[in-house]
Amino acid sequence: AMSDRATREDKLDFMFRVYDVDRDGYISFSDLETIVKHLVGSSLNEEQVGELITRAMGELAELRKKTKSDENDGGKDAGRSSPSLGGGITFDEFRVIMEGNKKLPTVKVPVGFD
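Nothing here was measured: the structure is a model prediction, and the numbers come from that model.

Student: Quick question: what am I supposed to make of the pattern of salt bridges here?
Tutor: Here the idea is simple: oppositely charged side chains can pair when their charged atoms come close. Tallied over the full model, the rule gives 7 salt bridges. Measuring nitrogen to oxygen at the nearest pair gives 3.0 Å for the salt bridge that ties Asp 13 to Arg 17. Within this pair, Asp 13 and its partner Arg 17 are both found in helix 1 (residues 8–19), separated by 4 residues, close to a single helical turn. Classification of Arg 17 by relative accessible area gives partly exposed; the value is 43%. Between Glu 62 and Lys 65 there is a salt bridge whose closest N-O contact spans 3.3 Å. Taken together, the residues span about one helical turn, with Glu 62 and Lys 65 both in helix 3 (residues 46–72) at a distance of 3 residues. When its relative accessible area of 48% is taken as the criterion, Glu 62 is described as partly exposed. Owing to a relative accessible area of 53%, Lys 65 belongs among the exposed residues under this scheme. Because the salt bridges share partners, they merge into one network encompassing Glu 9, Asp 92 and Arg 95.

This is the structure in structure tokens:
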């Protein structure tokens, strides 16, 4: 269970591990597909799920272009490398993506089932 007192970094790490379904260190297209299907159930068809994930991965590509540009300009992210788009989202990229969210969700996991 995630404590209300958990740090932001602990919460991000937990969220990343939830989305990294295959535990390979990246949130891949197939990881996102699995999570989205679990979240939306049958409210989206296969094509809509694919479009949603493709759009998200397109935004990742844009983030990587910006990061690459910052590296070339000696920006704050200089030296940080990203895998190819097919590699998925790294934890560092996930952290950048989540920067805009001031408050992360509280995660409550039931312990002990009767």
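After that view of the structure, there is still more to cover.
Student: Can you walk me through the confidence of the model for the protein in this structure?
Tutor: Atom-level detail of predicted coordinates should not be read off regions where pLDDT is low. In the predicted model, the protein carries a mean pLDDT of 78, and the fraction of residues at 70 or more is 73%. A low-confidence stretch, residues 75–85 stays under pLDDT 50, and its non-local contacts, those more than four residues away or across chains, total 23 contacts.

Student: For this particular structure, what's the right way to read the side chain of Ser 28?
Tutor: As for its placement among the helices and strands, Ser 28 is situated in the loop between helix 1 and helix 2 (29–40). Each residue touching Ser 28, except ones within four places of it in the same chain, is listed here: Asp 22, Met 57 and Gly 88.

Student: Explanation requested: the layout of surface pockets in the structure shown.
Tutor: Rolled over the atoms, a probe sized like a water molecule indicates the empty space that remains. Empty space within the largest pocket amounts to approximately 470 Å³. Residue lining of the largest pocket: 20 residues in total, with Leu 32, Ala 56, Glu 59, Ile 89 and Ile 97 positioned closest to the centre. Counting residues per element, the ones that place at least two in the lining of the largest pocket are helix 1, helix 2, helix 3 and helix 4 (91–98). Looking at which element gives the most residues to the lining of the largest pocket, the answer is helix 3, with 8 residues.

Student: Is there a simple way to explain the packing of aromatic side chains in this structure?
Tutor: For any pair of aromatic rings, geometry is given as the distance between the ring centres together with the angle between the planes. Evaluation of the coordinates by the stated rule reveals 3 aromatic pairs. Ring plane angle 85° and centroid distance 5.5 Å describe the contact between Phe 16 and Phe 91, whose orientation is recorded as edge-to-face. With Phe 16 in helix 1 and Phe 91 in helix 4, this pair connects stretches of sequence that are 75 residues apart. With respect to class, Phe 16 is no different from Phe 91; both count as buried. What links up through ring pairs into an aromatic cluster is the set Phe 16, Tyr 19, Phe 91 and Phe 94.

Student: Looking at this model, I keep getting lost on helix 2. Mind explaining?
Tutor: Residues three or four positions apart in an α-helix share a direction because the helix packs 3.6 residues into each turn. End to end, helix 2 covers 16 Å across 12 residues, agreeing with the expected 16 Å (1.5 Å per residue, within 8%). Within helix 2, the full set of buried residues consists of Asp 31, Leu 32, Ile 35 and Val 36. The buried residues of helix 2 occupy an angular sector of 125° when projected down its axis, which confines them to one face.

So, how was this worked out
- Residues numbered from 1 in each chain as written.
- Predicted model: local features only at pLDDT ≥ 70, side-chain atom pairs only at ≥ 80, totals over all residues.
- Heavy atoms only, no water.
- Salt bridge = Lys/Arg side-chain N within 4 Å of Asp/Glu carboxyl O.
- Helix = DSSP H or I, 4+ residues; strand = E, 2+ residues; numbered from the N terminus.
- Buried < 20%, exposed > 50% of the residue type's maximum accessible area, 1.4 Å probe, protein only.
- pLDDT = per-residue confidence, 0-100.
- Contact = heavy atoms within 4.5 Å.
- 1 Å grid on protein atoms, 1.4 Å probe; cavity = no way out; pocket = protein on both sides within 12 Å on 5 of 7 lines; lining within 4 Å.
- Points joined across faces, edges and corners; volume = space filled by probe spheres on them.
- Phe/Tyr/Trp six-rings, centres within 6.5 Å; stacked < 30°, edge-to-face > 60°.
- Expected span 1.5 Å × (residues − 1).
- Arc of directions from axis to C-beta.

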